[in-house]
Amino acid sequence: MKIIKTTASNFDEEFENILSRAKTDIKEVSAIVTGIIDEIVQSGNEALKSHIQKFDKWEVKSDEELMISQEDMKKAYDNIDENLKKALHTAYDRIKKYHEKQLPKSWVDFEKNGTILGQKVTPVDKAGLYIPGGKAAYPSSLLMNAIPAIVAGVEEIVVCTPTPNNEVNELLLAACHICNVSKAFKVGGASAIAAMAYGTKTIPKVDVITGPGNIFVATAKKLVFGEVNIDMIAGPSEIGVLSDSSAKPKYLAIDLLSQAEHDEMASSIMITVDENIANETSVEVENYLKNLSREKIARKSIEDRGAIIVAKDMEEAIKLMNEIAPEHLEVMTSNPFELLPKIKHAGAIFLGENTPEPIGDYIAGPNHTLPTGSTAKFYSPLNVENFLKKSSIINFSKNAIDELGEACAILADTEGLTAHAKSVRVRLESK
Ligand code: NAD
């Protein structure tokens, strides 16, 4: 794995490449995705069927065949191995408990003059979850997307997932059953995003679309934003690791690889203050790589996008990591909690040597749908609020309008909005 010192003459150039890791030229993809969206808007289910034939390689003979029934979800759940069932329920319970703590409350506030102000929190009616399924199936993503919607109180949860060759992942169906998914469809890619944004005869139009996916899914989410809400644009996985001389290279190496094995485009970056740790970790990465089931993907990711940076001190290491703003950040130092206040930008922060990133992918409780490509500088992990919206509550008494009405009318006058001003003054004039 490439090792770079911050004192090297080409460091700035190398670091710039790390910062621009997620930049893709989406012009070509945008044109394809715009075409797909237009076809769904114009031809609904018929376009869906033809896209499935083209990309997922199976023939949909009727509208009903697009759907996955709740009976199939139940059957899949009944048939899975008991240990797997137990693991799914453990994950479900822990994710639910964590997200329940996020639930914001409606509130009202009373002022002396009789004004009542407040905020009412309401779930969206329908949420559309995109669960990727092109190259692999992700039952864990179903839990991570459905549970915050359940906690928010969303009444109708719709799932779209591609089923290449019409093969449905049974564990995904079992997870749909546990989450009481209302409707699920065997539709993927930009077509699924367009169908949930605009609705077809079979797929309902939803209010918010969440979930990860490939470049076609991400581009479609960007293009339908405004017609529906979206959670974020999540790209290829990333891990950043901060380490000092107390860290174990064997742990560091396999944790870096845990993200590299996701995708050739994934990026794994460690910043350490100890050059020996850098060298030993690089050797361990090579040792592990040979035995990984996804060696080819992980090797390409590590070779093209992986790096170990040797910093002068922890101050410099943290400053650089805040610039990278990784999706996942592991703090593998002797004092992780002391460093926490200085860490500003990361999707999820894993503290200490017994907290490997994969624990957060499945079982810890926090969401694994996280901002990538430095967007942790302004996005948060998927959370309950993605499925909620707020309404302001305002109630003025006669005393309150008498006290504040003239100031309101003056402001309306200066904006030239005479009906606004009059609507207040007509009340001030009435005794
Ligand atoms: P996917 O479900 O995102 O995409 C498959 C669909 O893409 C197909 O059904 C098809 O409709 C469309 N498609 C494929 N080729 C196309 C083409 N040439 N033109 C137009 N549309 C085309 O599945 P995937 O491809 O396996 O990608 C999943 C992605 O999601 C990966 O990058 C993975 O790392 C990521 N992921 C992220 C998380 C997370 O939480 N961040 C979790 C799971 C997966």
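About the cut-offs
- Sequence positions are assigned chain by chain, starting from 1 and proceeding in written order.
- With the structure being a predicted model, the display of local features is reserved for residues of pLDDT at least 70 and the display and counting of side-chain atom pairs for 80 or more, all residues being used for whole-chain, interface and lining totals.
- Only hydrogens and water are set aside; all other atoms, that is, all heavy atoms of the structure, feed into the side-chain values.
- The secondary structure listing takes helices from DSSP runs of H or I that are at least 4 residues long and strands from runs of E that are at least 2 residues long, numbered from the N terminus.
- For the exposure calls, accessible area comes from a 1.4 Å probe over protein chains only, and a residue counts as buried if that area is under 20% of its type's maximum, exposed if over 50%, partly exposed in between.
- The contact criterion used is simple: two residues touch if any of their non-hydrogen atoms lie within 4.5 Å.
- Note on areas: Shrake-Rupley, 1.4 Å probe, and residue coverage restricted to the protein chains presented here.
- Charge convention: Lys and Arg are scored as positive, Asp and Glu as negative, and His as well as the terminal groups of each chain are ignored.
- Positions of charges follow a simple convention, taking NZ of Lys, CZ of Arg, CG of Asp or CD of Glu.
- When DSSP finds two or more bridges between two strands, those strands count as paired.
- To get an axis, fit a line to the C-alpha atoms, keeping to the stretch in contact for a helix; angles then go from 0 to 180 degrees between the N-to-C directions.
- An automatic or database domain assignment supplies the start and end points of every domain.
- Throughout this description, the term salt bridge denotes a Lys or Arg side-chain nitrogen within 4 Å of a carboxyl oxygen of Asp or Glu.
- Using a 1 Å grid laid over the protein atoms alone, points where a 1.4 Å probe fits but cannot get out form a cavity; open sets with protein on both sides within 12 Å along at least 5 of 7 lines form a pocket; any residue with an atom within 4 Å of a point counts as lining.
- Grid points are joined across faces, edges and corners, and a volume is the space filled by probe spheres set on the points.
- Polar here means any residue other than Ala, Val, Leu, Ile, Met, Phe, Trp, Tyr, Cys and Pro, which are nonpolar, and Asp, Glu, Lys and Arg, which are charged; Gly is therefore polar.
- Any angle that falls under 35 degrees is termed roughly parallel, while one over 145 is termed roughly antiparallel, one within 65 to 115 roughly perpendicular, and all others oblique.
- Crossing handedness is read from the near helix: turned anticlockwise from the far helix by less than a right angle, it gives a left-handed crossing, and turned clockwise, a right-handed one.
- The near set for a molecule or strand comprises every residue that places at least one heavy atom within 4 Å of it.
- Counted as a polar contact is a pair of N or O atoms within 3.5 Å, where, for protein atoms, one must be capable of donating a hydrogen and the other of accepting one, and residues adjacent in sequence contribute only when both atoms are in side chains.

Student: So what's going on with the overall build of the chain? Which residues, and what values?
Tutor: Along the chain, the regular secondary structure elements total 16 helices and 15 strands. Each principal axis of the C-alpha atoms in the chain carries an extent, and together these give about 85 × 60 × 45 Å. By residue count, 49% of the 431 residues in the chain fall in the buried class. Sequence-distant contacts, at least 24 apart, represent 74% of the contacts inside the chain between residues at least 6 apart. Put simply, the chain shows about 21,100 Å² of open surface, and 52% of that area lies on carbon and sulfur atoms. When the 48 positive and 62 negative side-chain charges of the chain are each reduced to one mean point, those points stand 4 Å apart.

Student: Give me the lowdown on the environment of Ile116, citing residues and values where you can.
Tutor: In this fold, Ile116 is placed in strand S4 (residues 116-123). Classification of Ile116 as partly exposed rests on a relative accessible area of 24%. With 278 residues separating them along the chain, Ile116 and Ile394 place their C-alpha atoms 5.9 Å apart. Setting aside residues up to four positions removed in sequence, Ile116 forms contacts with Val108, Asp109, Phe110, Ile393, Ile394 and Asn395.

Student: Before we move on, can you summarise the pairing of strand S3 (residues 107-110) with the specific residues and values?
Tutor: The side chains of a regular strand alternate between the sheet's two faces. Bridging between S3 and S4 involves four bridges; their strand directions are antiparallel. Bridging from a neighbouring strand, Val108 pairs with Gly118 of S4. Where S3 hands over to S4, the hairpin turn is made up of five residues, of which Gly114 adopts a positive phi near 100°.

Student: Please set out the sheet that holds strand S10 (residues 238-243) residue by residue, giving values where relevant.
Tutor: Strand order across the open sheet formed by six strands is S1-S12-S11-S10-S13-S14, with parallel pairing between neighbours. Taken across any chain shown, the strands that pair with only one partner, and hence form the sheet edges, are strand S1 (3-5) and strand S14 (348-351). On average, each strand axis in the sheet is tilted by 20° relative to the strand beside it, whichever way the strands run. Two strands pair when backbone bridges link them, and strand S11 (residues 267-272) and strand S12 (residues 307-310) are joined in this way by four bridges, in the parallel orientation.

Student: Could you give an account of the domain arrangement of the chain, naming the residues involved and the relevant values?
Tutor: When cut into domains, the chain gives domain 1 (3-22 + 235-364), domain 2 (27-230) and domain 3 (396-428). The gap between the C-alpha centroids of domain 1 and domain 3 is 58 Å.

Student: Just give me the short version of the pattern of salt bridges, but keep the residues and values in it.
Tutor: One pass over the structure, following the stated rule, counts 26 salt bridges. We note a salt bridge from Glu429 to Lys422, for which the minimum N-O separation is 3.6 Å. Linked through salt bridges whose partners overlap, the residues forming this network are Glu46, Lys49, Asp63 and Lys201.

Student: Could you give an account of the environment of Ile309, naming the residues involved and the relevant values?
Tutor: Mapped onto the secondary structure, Ile309 falls in strand S12. With a relative accessible area of 0%, Ile309 lands in the buried category. As for Ile309 and Ile271, which are separated by 38 residues in sequence, their C-alpha atoms are 4.6 Å apart. Those residues in contact with Ile309 that lie beyond four places of it in its chain are Ile4, Thr6, Phe11, Phe15, Ile18, Ile269, Met270, Ile271, Thr272 and Leu320.

Student: Just give me the short version of the sheet that holds strand S6 (residues 156-160), but keep the residues and values in it.
Tutor: The strand order across the open sheet formed by six strands is S2-S7-S6-S5-S8-S9, and the pairing between neighbours is mixed. Strand pairing shows two members of the sheet lacking a second neighbour, strand S2 (67-68) and strand S9 (229-230), which therefore form its edges. Examined bridge by bridge, S6 and strand S7 (residues 183-185) share three bridges and lie parallel to one another. By the bridge assignment, Val159 is partnered in S7 with Ala184. Packed onto the sheet, helix H5 (residues 139-152) meets strand S5 (126-130), S6 and strand S8 (208-210) and runs at close to 165° relative to S6.

Student: I'd like to hear about the layout of surface pockets, residue by residue, with values.
Tutor: Taken as a whole, the second largest pocket spans an internal volume of roughly 260 Å³. Lining the second largest pocket are 21 residues, and of these Tyr98, Ala348, Ile349, Phe350 and Pro366 sit closest to its centre. Where the lining of the second largest pocket is concerned, the elements lending two or more residues are S14 and helix H14 (357-362). For the lining of the second largest pocket, the class distribution of residues is 11 nonpolar, eight polar and two charged.

Student: Now, about the packing of helix H2 (residues 27-56) against helix H8 (residues 215-224): what can you tell me, with residues and values included?
Tutor: How two helices pack is summed up by the angle between their axes together with the distance between the axes. Between H2 and H8, whose axes approach to 9 Å, the crossing angle comes to 65°. The angle between H2 and H8 places the two elements in the roughly perpendicular class. Relative to H8, H2 is oriented so that their crossing is right-handed. Contact residues: Val29, Ser30, Ile32, Val33, Thr34 and Ile37 in H2; Ile215, Phe216, Thr219, Ala220, Leu223 and Val224 in H8. In the contact of H2 with H8, the residues fall into nine nonpolar, three polar and no charged.

Student: Account for the site of the ligand, with residues named and values stated.
Tutor: Close to the ligand lie 22 residues; Asp56, Tyr130, Gly133, Lys135 and Asn214 are nearest. Note that an oxygen atom of the ligand is positioned 2.8 Å from one of the backbone N or O atoms of Asn214. A total of 880 Å² of accessible area belongs to the ligand in isolation, and the protein chains cover 85% of it. Going through the elements one at a time, H2 and H8 are the ones with two or more residues in the shell around the ligand. The biggest single contributor to the shell around the ligand is H2, with three residues. Grouping the constituent residues of the shell around the ligand by class yields nine nonpolar, nine polar and four charged.

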